[in-house]
Amino acid sequence: MAKPTTATTIQLYFNRLKNFLDFTRVFLKKRNPIKMFIAEVIGQLKELATIKKKLRNIQNRINYERYKLKKTELILAQNSEHLFLKGRSLNQTR
């Protein structure tokens, strides 16, 4: 087996470089990481823009659950006889 010459070695390196550049071009065309990054940033900005609306919805749900709890407690308290509720009706239902 003969030792490769400098010309064949250089040609081999150029072929490898060409193959690598072709692979990189196809990968970037297929995956497009810049486009994916931009889409991710836009998604995060939309999420930040709607966070106040989501927080308000959560607060409304919490307030509604508190309202239902207080109403249920009031009905239970009215159905049991206590001194502080003497004037209220005893058989109130929802």
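Bear in mind the structure is a predicted one, so any value in this text is a computation, not a measurement. (Residues numbered from 1 in each chain as written. Predicted model: local features only at pLDDT ≥ 70, side-chain atom pairs only at ≥ 80, totals over all residues. Heavy atoms only, no water.)

**Regarding the overall build of the chain**
Quick reminder of the rule: Secondary structure is summarised from DSSP: a helix means a run of H or I of at least four residues, a strand means a run of E of at least two, and numbering begins at the N terminus for each. Surface accessibility in these figures is a Shrake-Rupley result with a 1.4 Å probe; residues are shielded only by whichever protein chains are displayed.
Broken down by element type, the chain carries 3 helices and 0 strands. The order of helices and strands in the chain, counted from the N terminus, is α-α-α. Total accessible area computed for the chain in this model is approximately 9,400 Å², and 63% of it derives from carbon and sulfur atoms.

**Digging into helix α1 (residues 6–31)**
Our working rule: Helix span, as expected, comes to 1.5 Å for every residue beyond the first.
Taking 1.5 Å of rise per residue, the 26 residues of α1 would be expected to cover 38 Å, and the 37 Å separating its terminal C-alpha atoms lies within 8% of that figure. Of the residues one or two after α1, Asn32 is the one with positive phi, at around 50 degrees.

**Regarding the pattern of salt bridges**
Filter applied, for reference: By convention in these notes, a salt bridge is any Lys or Arg side-chain nitrogen within 4 Å of a carboxyl oxygen on Asp or Glu. Relative accessibility under 20% of the residue-type maximum defines a buried residue, over 50% an exposed one, and the middle range a partly exposed one, all with a 1.4 Å probe and only protein chains included.
Applying the stated criterion across every chain, the model contains 3 salt bridges. We note a salt bridge from Lys54 to Glu47, for which the minimum N-O separation is 2.8 Å. What makes Lys54 partly exposed here is its relative accessible area of 38%. Between Glu65 and Lys68 there is a salt bridge whose closest N-O contact spans 3.6 Å.

**Focus on a nonpolar patch on the surface**
Let me state the cut-off plainly: Here a patch means residues that are over 30% exposed by relative accessible area and free of salt bridges, tied together within 9 Å if like-charged and within 5 Å if nonpolar (Val, Leu, Ile, Met, Phe, Trp, Tyr).
Among the surface-exposed residues, Ile10, Phe14, Leu17, Phe20, Leu21, Phe23, Phe27 and Leu28 lie close enough to one another that they form a single nonpolar patch of about 840 Å² accessible area. Mapped onto the elements, Leu21 comes out in helix α1.

**Quick notes on unusual backbone geometry**
Both trends apply: most residues other than glycine have a negative phi, and most peptide bonds are in trans. Positive phi, close to 50 degrees, is recorded for Asn32, a residue that is not glycine. Along the polypeptide, Asn32 turns up in the loop between α1 and α2 (33–49).

In short, geometric facts, not functional conclusions.
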